[in-house]
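# Structural description and commentary
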Amino acid sequence: MVSAFLRSAGLGLAVCLSGSVAAMSVLPGCTVKRAQEPVEAQAQSPMVADKILVKKRQRRLYLMRDGEPFRTYRISLGIEPVGHKQRQGDNRTPEGRYTISGRNARSKFYKALHISYPSLDDRLRAAAEGWDPGGAIMIHGEPRGARFAELRDLVRDEDWTQGCIAVSNLAVDEIWRYVGDGTPIEIEP
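Everything in this summary refers to the structure shown in the same document. (Residues numbered from 1 in each chain as written. Predicted model: local features only at pLDDT ≥ 70, side-chain atom pairs only at ≥ 80, totals over all residues. Heavy atoms only, no water.)

Let us look at helix H5 (residues 169-178). Helical geometry note: an α-helix holds 3.6 residues per turn, so side chains three or four residues apart project in the same direction. If you check which residues of H5 are buried, you get Ala-171, Val-172, Glu-174, Ile-175, Trp-176 and Tyr-178. Among the structural elements, strand E2 (60-65), strand E3 (68-74), strand E4 (96-107), strand E5 (110-115) and strand E6 (138-140) are those in contact with the buried residues of H5. (Buried < 20%, exposed > 50% of the residue type's maximum accessible area, 1.4 Å probe, protein only. Helix = DSSP H or I, 4+ residues; strand = E, 2+ residues; numbered from the N terminus. Contact = heavy atoms within 4.5 Å.)

Turning our eyes to something else, we now look at the nonpolar core. Nonpolar side chains in soluble globular proteins generally cluster together in the buried interior. Leu-61, Leu-63 and Ile-139 are the most contacted members of the largest nonpolar core, which has 26 residues in total. Secondary structure elements with two or more residues in this core: strand E1 (51-55), E2, E3, E4, E5, H5 and strand E8 (184-188). With 5 residues, the top contributor of residues to this core is H5. In this structure, Leu-63 is in contact with Ala-49, Lys-51, Ile-52, Glu-68, Pro-69, Phe-70, Arg-71, Tyr-73, Ile-175, Tyr-178 and Val-179, ignoring residues within four places of it in sequence. (Core = buried A, V, L, I, M, F, W, Y, C linked by side-chain atoms within 4.5 Å.)

Moving on, we get to the sheet that holds E4. One open sheet accounts for 8 strands, arranged E3-E2-E1-E8-E4-E5-E6-E7; its pairing is mixed. Taken across any chain shown, the strands that pair with only one partner, and hence form the sheet edges, are E3 and strand E7 (165-166). One ladder, built from 4 bridges, connects E1 with E8; its direction is parallel. Looking at E8, one finds that Leu-53 is bridged to Glu-186. Across the sheet, H5 touches E2, E3, E4, E5 and E6, and the angle it forms with E5 is around 50 degrees. (Pairing = 2+ DSSP bridges. Axes fitted to C-alpha atoms, helices over the stretch in contact; angles between N-to-C directions.)

This is the structure we're talking about:
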């Protein structure tokens, strides 16, 4: 009803929501459209990522499309962020090429997208050392429930996970929307 009124009045309407406040997400092209543009022309299908790029040193996750980032998020890593994950309990975030292999809407850390770690190489390397390579590496949001309340403040400022990639809840909502299962993820040092 409101959009019909605005259309008949010749006014365009654009809503730009930053899924992450305070530089958690960069939303290029999020500007108000000129008044003469019809509302229908502004509606576009959402961008879908064809790759996720994580740069651990920069503490950034990039959603990529055709080799270009279209969303950027601030991340927190495992509490031992330097180096590739070797084994269960080392608190490192893996490095290498993986895929998004599933998702959990009922995770204890809000929403979570599962990363396909450990790869065959990771399992073989850990087996050669007699270690369990670990698993359950995710891109996830903030902790749920009062039990984890003290961790919520760490999400934006410190590395605090046991090897996962943590983002704000607003950021994980965007990532959830723009990333499908099977999407490649490259995690760089």
